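Structural overview
Listed below are the residues making up each chain.
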Amino acid sequence: MASAILSKITLIDMTEGVAGPYAATELADMGANVVKVERPARDWSRTAGKEAVAAAGSAQFVSLNRNKRDIGIDIETPGGREIMKRMVAHADVILSNYRPGVMAKLGLGYQRCREIKPDIIFCTISGFGQTGAYSKFPASDTIMQAMSGVMSLTGEPDGPPLRAGFPLIDMAAANYAVQSILLALYGRAGGHGGAEIDVSLMAAALGLMNSQLSDHLLTGRVPMRQGNQNGNLAPAGAFEVAGGRYIAIAILRDEHWRKFCAAMDLGHLAEDARFRTNDARVRNRDGLDQLIAPILAAQSSEYWLERLRGADILCGPINTLADVAADTALAAGLPLIDPGVEGAARIMGTPIRFNGAYFTADRPPPLKGEHTREVLAALGYGPDAIEGLLQSGSVFTAETT
């Protein structure tokens, strides 16, 4: 069973928001024993959005925190720090997204954790890395989209820069963190010991723009906004069809161009010198679009998708998320899983099919401090000690917040 593969791995999740929680959830889906450490102020994503969809909080929190237990700790108290040290001693991985230096101030920096657990895997998700002038600045997905150049490449050529409508960089950083943690676990199993890992949002953003940044570094060219067109291919982009809908078309090879011309009843253009090769089509994109746009606009999306797919042309409707959810054939291939909470029938799971099956939500997203007593007991604290910690304010439970 895929969800049991990491069952011997314990991960301390000291993250909030998107990138860290999603990374921890992906590892939890793979079977890791993930304990979310929540401070009294709570993970801010519990209240992200317009309203709560479940007792645990917002849709964002529900989707990014399944398969975890939650311990409420005030880590700024002496008692809280002692609990954290005991947790480190029992852990394999620590994942945090505090600003650089905060973990060290709490007595939980990499060197201190390594003293407690020599083979600990210590992964941080930061805005700009752990060193340098920018490392002290706070960061978020929106700010990273701005500063990395992502927004400069998004939008129409003559329009303003635009933000991607979802936390693109946070999600990318989460996946880089999962990759690095799995690499470190593999290395530790091979005798390489623990590891110190940092995944910065800025590096993750530029990793997504690898080709564009490399082109600039090699040639000095500054990539500009292309709107819905792919600057490397033509025709390739969004085209309006009848009824005000849009479809996307991408012609990758010159042989596809000839098939496209046949499907569009434009056979006379197939060998036109202006369009015979992709290089020529890119140079003459505006003229080409003026020829094909009116033809596409005369028929429905269903008509063109059937015709173009029949000719083996890459194409698809430009859907809303409602369109995606309503398309039963499309949804059948997605990990839309039951999160196990009232009021939330389905959420998006980890997009990995392992041995023919997707991971499941075996544990619903936790309430703040829901498993405090359980986790403390597993760490060796007796009932009296747990009550003392609760009374001192070092820890809290769902019932006491």
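Structure shown above.
All residue numbers refer to positions counted from 1 along the written sequence of the respective chain. Local features are withheld for residues below a pLDDT of 70 in this predicted model, meaning they are given only at 70 or higher, and side-chain atom pairs are given and counted only at 80 or more; totals for whole chains, interfaces and linings count all residues. The side-chain numbers reported here are obtained from all heavy atoms of the structure, hydrogens and water having been left aside.

1. What about the packing of helix α6 (residues 141-148) against helix α7 (residues 168-189)?
Just so we agree on the cut-off: Inter-axis angles, ranging from 0 to 180 degrees, are taken between N-to-C directions of lines fitted to C-alpha atoms, where helices are fitted over the stretch in contact. Strands here mean DSSP runs of E at least two residues long; helices mean DSSP runs of H or I at least four residues long; both are numbered from the N terminus. Oblique is the label for any angle not covered by the other classes, which are roughly parallel (under 35 degrees), roughly antiparallel (over 145) and roughly perpendicular (65 to 115). Contacts are residue-level and defined by heavy atoms, with any inter-residue pair within 4.5 Å sufficient. Each residue is assigned to one class: nonpolar for Ala, Val, Leu, Ile, Met, Phe, Trp, Tyr, Cys and Pro, charged for Asp, Glu, Lys and Arg, and polar for all the others, Gly among them.
Close contact between α6 and α7 brings their axes to 7 Å; oriented N to C, the two are set at 95 degrees. As summarised for this structure, α6 and α7 are arranged roughly perpendicular, according to the angle between their axes. Within the contact between the two elements, α6 uses Asp141, Met144, Gln145 and Ser148 and α7 uses Leu168, Ile169 and Asp170. Among the residues making up the contact of α6 with α7, the classes are represented as three nonpolar, two polar and two charged.

2. Quick notes on the nonpolar core
Applied cut-off: Only buried residues count toward a nonpolar core. Its members are Ala, Val, Leu, Ile, Met, Phe, Trp, Tyr and Cys residues joined through side-chain atoms within 4.5 Å. Residue exposure (1.4 Å probe, protein chains only): buried if accessible area is under 20% of the type maximum, exposed if over 50%, otherwise partly exposed.
Grouped together as the largest cluster of nonpolar side chains are 38 residues, with contacts concentrated most on Leu27 and Leu95. Put simply, the parts of the chain that give this core at least two residues each are α1 (19-29), β4 (93-96), β5 (121-126), α7, β6 (195-200) and α8 (201-208). Ranked by the residues each element gives to this core, the list is headed by α7, at eight residues. Not counting residues within four places of it along the chain, the set of residues in contact with leucine 95 comprises Leu11, Ile12, Asp13, Met14, Thr15, Gly20, Ala23, Ala24, Cys123, Ile125 and Ile181. Counting residues in hydrophobic clusters, the runner-up holds 28 residues, among them Ile94, Met103, Cys113 and Phe122.

3. Examining the sheet that holds strand β8 (residues 246-250)
Where we set the bar: What makes two strands pair is DSSP finding at least two bridges between them.
Taking strand neighbours across the sheet as the criterion, the three strands line up as β7-β8-β9 in an open arrangement whose pairing is antiparallel. If you trace the sheet from one side to the other, it starts and ends with β7 (236-240) and β9 (314-317), each paired once. Here the strands of the sheet are splayed against their neighbours by 20 degrees on average, with no regard to which way each runs. Where β8 lies against β9, four bridges are found, and the strand directions are antiparallel. Bridged to isoleucine 247 within β9 is proline 317. Where helix α13 (residues 301-310) meets the sheet, its contacts fall on β8 and β9, and the angle it forms with β9 comes to roughly 160 degrees.

4. Quick word on unusual backbone geometry
A cis amide bond links alanine 234 to the next residue, proline 235, at an omega of -10 degrees. Along the chain, proline 235 turns up in the loop between α9 (210-219) and β7. Positive phi values are uncommon outside glycine, yet asparagine 67 reaches one of about 60 degrees. With a phi close to 60 degrees, aspartate 265 is a non-glycine residue in the positive phi region.

5. A closer look at a nonpolar patch on the surface
How we decide: Like-charged residues are merged into a patch within 9 Å and nonpolar side chains (Val, Leu, Ile, Met, Phe, Trp, Tyr) within 5 Å, provided each residue has over 30% relative accessible area and no salt bridge. Only the protein chains shown count as cover for residues, and all accessible areas are computed by the Shrake-Rupley method using a 1.4 Å probe. Note on definitions: salt bridges are taken to be side-chain nitrogens of Lys or Arg within 4 Å of carboxyl oxygens of Asp or Glu.
Where nonpolar side chains cluster on the molecular surface, the patch consists of Tyr134, Phe137, Ile143 and Met147 and spans about 390 Å² of accessible area. Tracing the backbone shows isoleucine 143 in helix α6. Here isoleucine 143 falls in the partly exposed class, since its relative accessible area comes to 39%.

6. What about the environment of isoleucine 352?
With respect to the helices, strands and loops of the structure, isoleucine 352 is situated in the loop between β11 (347-348) and β12 (353-354). The class of isoleucine 352 is partly exposed, set by a relative accessible area of 33%. Residues isoleucine 352 and proline 335, 17 residues apart in the sequence, show an inter-C-alpha distance of 8.1 Å. Discounting residues that sit within four places of it in the chain, isoleucine 352 has contacts with Met30, Ala357, Tyr358 and Phe359.

7. Overview of the sheet that holds strand β1 (residues 10-14)
Spatially, seven strands are ordered β6-β5-β4-β1-β2-β3-β14 in an open sheet, and the strand pairing comes out mixed. Strands with a single pairing partner mark the edges of an open sheet, and in this sheet they are β6 and β14 (395-396). Running over the sheet, helix α3 (residues 78-89) touches β1, β2 (33-38), β3 (68-73), β4 and β14 and is turned about 150 degrees from β3. Here α8 sits on the sheet in contact with β5 and β6, set at roughly 65 degrees to β6.

8. Looking at the packing of α7 against α8
Orientation of α7 relative to α8, taken along the N-to-C sense of each, is 100 degrees, at an axis distance of 9 Å. The pairing of α7 with α8 is recorded here as roughly perpendicular in orientation. When α7 is examined against α8, the residues Leu168, Ile169, Asp170, Ala172, Ala173 and Tyr176 are found in contact with a partner set consisting of Leu201, Ala204, Ala205, Gly207 and Leu208. For the contact of α7 with α8, a count of residues per class yields nine nonpolar, one polar and one charged.

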